[in-house]
Amino acid sequence: MTVASGVSARDNGEKGKVKKWGLFLTGIGENEVFTSSDLIGAPGYHGKGFWAAGVTYSQSINKWLEWETGLEYSRHKIEVVPNLPPQAEVNSRVEKAALITVPLSVKATFLKYLFASGGILFDADAGLDSPIDSQTGIGTSLGVGAKYDFKSGISLFVNPYLRFHSLVPFSGDDYHQQLWDNGVKIGITFPL
C-alpha cells in the first residue's frame, strides 16, 4: 500500500480549501451622504460619483460557500451646497473624500455562475480635507454577481453591490454623516 504525498496547488495543503487572490475595479458608481436628521442652517451634501480599486483574498468553506477579505481604496466626489437665503446666489463646490476599506464577507455561490455576498466593512478616512464627517468606523455591504471559472483556476467576475459606511462611527457626533455607495466591481481572481 502506498500513500500519495503530493499537494496540489489548488488546495495549498488543506484538503478541499481553495484559496484565491484577485484584483478589481469599480470604474463608476453612485454615492450619497446621509445624516440622522436635517440640521437647520447646515449645508447640503450630494454625491457626485466615485471609483474604487483593490485586492481580494478568499478561501472556500465548502463547495458553495467562501469567506473573503481584502484591501480597497475609493475616491468620492461630494457637492457641498451652502445654506443661503433664497434670494442669494448659491455657489456650490465639489470636494473629494477618500476611504481605505477592509471588507470581511461571506459569499454563497448558486446555479454555478451566480453568487450573493454580504458582510461588514472596516473603513478609515484616507483624506485630510474631507468635506463630510470622518467615515472611520464599521459599515456593511451587500451584493450579487456572476462569475466564470476557467479550468486553470482563474475566474472573472462582475459584482453589483450596495454599501453603507460608518454605521458605527469611531468618532462621536450626534448628527454623524454617513456615506452610502453602490457600484459594479469587475475583477479577476487567481488560485494560490
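Residues numbered from 1 in each chain as written. Predicted model: local features only at pLDDT ≥ 70, side-chain atom pairs only at ≥ 80, totals over all residues. Heavy atoms only, no water.

## A word on the pattern of salt bridges
Part 1: Applying the stated criterion to the full structure yields seven salt bridges.
Part 2: Residues Arg93 and Glu95 are paired through a salt bridge, measuring 2.4 Å at the closest nitrogen-oxygen approach.
Part 3: Across the salt bridge formed by Lys147 and Asp149, the nearest N and O atoms sit 2.9 Å from each other.
Part 4: Judged by its relative accessible area of 37%, Asp149 is partly exposed. (Salt bridge = Lys/Arg side-chain N within 4 Å of Asp/Glu carboxyl O. Buried < 20%, exposed > 50% of the residue type's maximum accessible area, 1.4 Å probe, protein only.)

## Considering the side chain of His76
Part 1: Along the chain, His76 turns up in strand E3 (residues 65-81).
Part 2: Polar side-chain contacts of His76 include one of 3.2 Å to the side chain of Asn31.
Part 3: Residues within four places of His76 in sequence aside, it is in contact with Asn31, Gly49, Phe50, Glu95, Lys96, Ala97, Leu99, Leu179 and Asp181. (Helix = DSSP H or I, 4+ residues; strand = E, 2+ residues; numbered from the N terminus. Polar contact = N/O pair within 3.5 Å; in protein donor to acceptor, adjacent residues only side chain to side chain. Contact = heavy atoms within 4.5 Å.)

## A closer look at the packing of aromatic side chains
Part 1: Considering all chains together, one arrives at six aromatic pairs under this definition.
Part 2: On the numbers, 4.9 Å between centres and 80° between planes, the contact of Tyr148 with Phe150 is edge-to-face.
Part 3: Residue classification places Tyr148 among the partly exposed positions, given a relative accessible area of 41%.
Part 4: A network of ring pairs unites the aromatic residues Tyr113, Tyr148 and Phe150 as a single cluster.
Part 5: Directly above the ring of Tyr161 sits Arg163, whose terminal nitrogen or CZ lies 4.9 Å from the centroid.
Part 6: The residue whose ring lies beneath Lys185 is Phe24, and the NZ or CZ to ring-centre distance is 4.5 Å. (Phe/Tyr/Trp six-rings, centres within 6.5 Å; stacked < 30°, edge-to-face > 60°. Lys NZ or Arg CZ within 6 Å of the ring centre and 35° of its normal.)

## Structural notes on the sheet that holds strand E4 (residues 93-110)
Part 1: In space, the eight strands of this closed barrel follow the order E1-E2-E3-E4-E5-E6-E7-E8, with antiparallel pairing throughout. Sheet twist, expressed as the mean angle between neighbouring strand axes with direction ignored, is 25°.
Part 2: Of the strand pairs in this sheet, E3 and E4 are connected by 14 bridges, and their pairing is antiparallel. Bridging across to E4, Ile78 finds its partner in Glu95. (Pairing = 2+ DSSP bridges. Axes fitted to C-alpha atoms, helices over the stretch in contact; angles between N-to-C directions.)

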